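# Report on the structure
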Amino acid sequence: MALWKRLVGLKTPHEEWYQPHGYHGESDGEAVEFTYLGTAGFILKSPSRTLVLDPYVSRPNLRETLTKTLIPNAPLIRRLIPHADDVLVGHAHYDHILDAPELCAQTGARLIGSRAVAMVGRAAGLPETQILETSGHEEIPSGAWTIQGLPSIHGRVFGRIPIPGDITEPPPWPPRMRDLKHGLVLNWVVNTGSLRIMHIDSADFIPEQLKGIQVDVLCLCAIGRQYRPNYVKEVVALVKPRWIIPCHWDSMMTPIDAEPDLIPGVDLLGFIDEIRAEGVEPLLTPILGKQTFK
């Protein structure tokens, strides 16, 4: 690690923390391969369907993020995510949505999310035929799979909610970080027929929205968990996952193929220990690493 990173207290995960690519479950359904994209991003891929959640692979550095307009890295997006049927965005902060419209433009995928997400898609030039706005609860067909957004709330980062508010008209494009307010936050439930997956991309939730929903795999945000009392314990009790893949633990500002930094304040090993203490198998996956489920 560079000396300056040590001086400011940045840490990196140790290789032995990661769970190598494994095959989990024994159902007769299609296998679903998860690829972790860093931040809260995932590719869910089966032989018949590819969904992408919160893609953010451009990852401008700190100076660029704070001082410049944010431009998606189109060649990198094309290389890392060559195909998508649907792109789901849980909220409209830059580190969740910046690359989503470009990915949809390249692949023809639908952009699915809140009004704020839809407004960003329009700002980026997507046609209405590729934008599906949802306020949550309705089941959305995605090939043979179904998708449902559950209304949620944004977690606190360093004790406060960053860039709060909604986007009610198309923002400037390309945007600056401050242009992309979170809007309605949605936790996604994806049902493949044999596998139920939940994606929580910010470390908070509304318990009433999760009652009665049991899932197999939970992609669970790590940043800000210390500000949500009993975060892991309560979400496990509500949705009873078999496996949890921690996400949103890296700084978002290193190149995607470089060694990642942990976000200051994220106790990743403590998070893993909490998951294990609740009887769930944690699967910490490296950026661009994979896990496969049936």
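Heads up: the structure comes first, above all this text.
A brief look at the structure comes next. Counting restarts for each chain, with residues numbered from 1 along the sequence as it is written. The predicted origin of the model limits local features to residues at a pLDDT of at least 70 and limits the giving and counting of side-chain atom pairs to 80 or more, whereas totals for whole chains, interfaces and linings rest on all residues. Only hydrogens and water are set aside; all other atoms, that is, all heavy atoms of the structure, feed into the side-chain values.

### Comments concerning helix 8 (residues 231-239)
Three exposure classes are used, based on accessible area relative to the maximum for each residue type with a 1.4 Å probe and protein chains only: buried under 20%, partly exposed in between, and exposed over 50%. Put simply, DSSP H or I for four residues or longer makes a helix, DSSP E for two residues or longer makes a strand, and each gets a number counted from the N terminus. Within helix 8, the full set of buried residues consists of Tyr231, Val232, Val235, Val236, Leu238 and Val239. Angularly, the buried residues of helix 8 cover 165° about the axis, an arc narrow enough to put them on a single face. Should any heavy atoms of two residues lie within 4.5 Å, those residues are counted as being in contact. Along its buried surface, helix 8 packs onto strand 11 (196-200), helix 7 (207-210), strand 12 (217-221), strand 13 (243-247) and helix 9 (268-277). Lys240 sits one or two residues past helix 8 and shows a positive phi near 50°. What the arc describes is the spread of directions from the helix axis to the C-beta atoms.

### Some points on the nonpolar core
The biggest cluster of nonpolar side chains holds 92 residues, and the ones touching the most others in it are Phe34, Leu44, Val87, Met198 and Trp249. Counting residues per element, this core draws most heavily on helix 8, at six residues. Setting aside its immediate chain neighbours within four residues, Phe34 contacts Phe42, Ile43, Leu44, Leu195, Ile197, Val217, Cys219, Ile245, Gly289, Lys290, Gln291 and Phe293. Each nonpolar core is a collection of buried residues, namely Ala, Val, Leu, Ile, Met, Phe, Trp, Tyr and Cys, held together in the definition by side-chain atoms within 4.5 Å.

### Let's talk about the pattern of salt bridges
Two side chains bearing opposite charge may form a pair once their charged atoms approach each other closely. Any Lys or Arg side-chain nitrogen located within 4 Å of an Asp or Glu carboxyl oxygen qualifies as a salt bridge. Summed over the entire model, instances satisfying the criterion amount to 13 salt bridges. The partner of Arg110 in a salt bridge is Asp86, and the shortest N-O contact between them spans 2.7 Å. On the criterion of sequence distance, the pair formed by Arg110 in strand 6 (residues 110-113) and Asp86 in strand 5 (residues 86-88) is long-range, its members being 24 residues apart. Judged by its relative accessible area of 25%, Arg110 is partly exposed. Here Asp86 falls in the buried class, since its relative accessible area comes to 1%. The shortest N-O distance in the salt bridge between Glu128 and Arg122 comes to 2.6 Å. The exposure class of Glu128 is partly exposed, given its relative accessible area of 47%. Residue classification places Arg122 among the partly exposed positions, given a relative accessible area of 27%. Connected via shared salt-bridge partners are Arg49, Asp85, Asp86 and Arg110.

### A look at the sheet that holds strand 7 (residues 131-133)
The rule for pairing is simple: two strands pair if DSSP sees at least two bridges between them. In space, the eight strands of this open sheet follow the order 1-15-2-3-4-5-6-7, with mixed pairing throughout. If you trace the sheet from one side to the other, it starts and ends with strand 1 (23-24) and strand 7, each paired once. Pairing of strand 4 (residues 50-53) with strand 5, which is carried by three bridges, proceeds in the parallel orientation. Looking at the pairing, Val52 lines up with Val87 of strand 5. Between N-to-C directions, angles span 0 to 180 degrees; the directions come from axes that are lines fitted to C-alpha atoms, helices contributing only their stretch in contact. Against the sheet, helix 6 (residues 115-123) touches strand 6 and strand 7, its axis set at about 160° to strand 7.

All quantities given are derived from atomic positions and should not be read as evidence of function.
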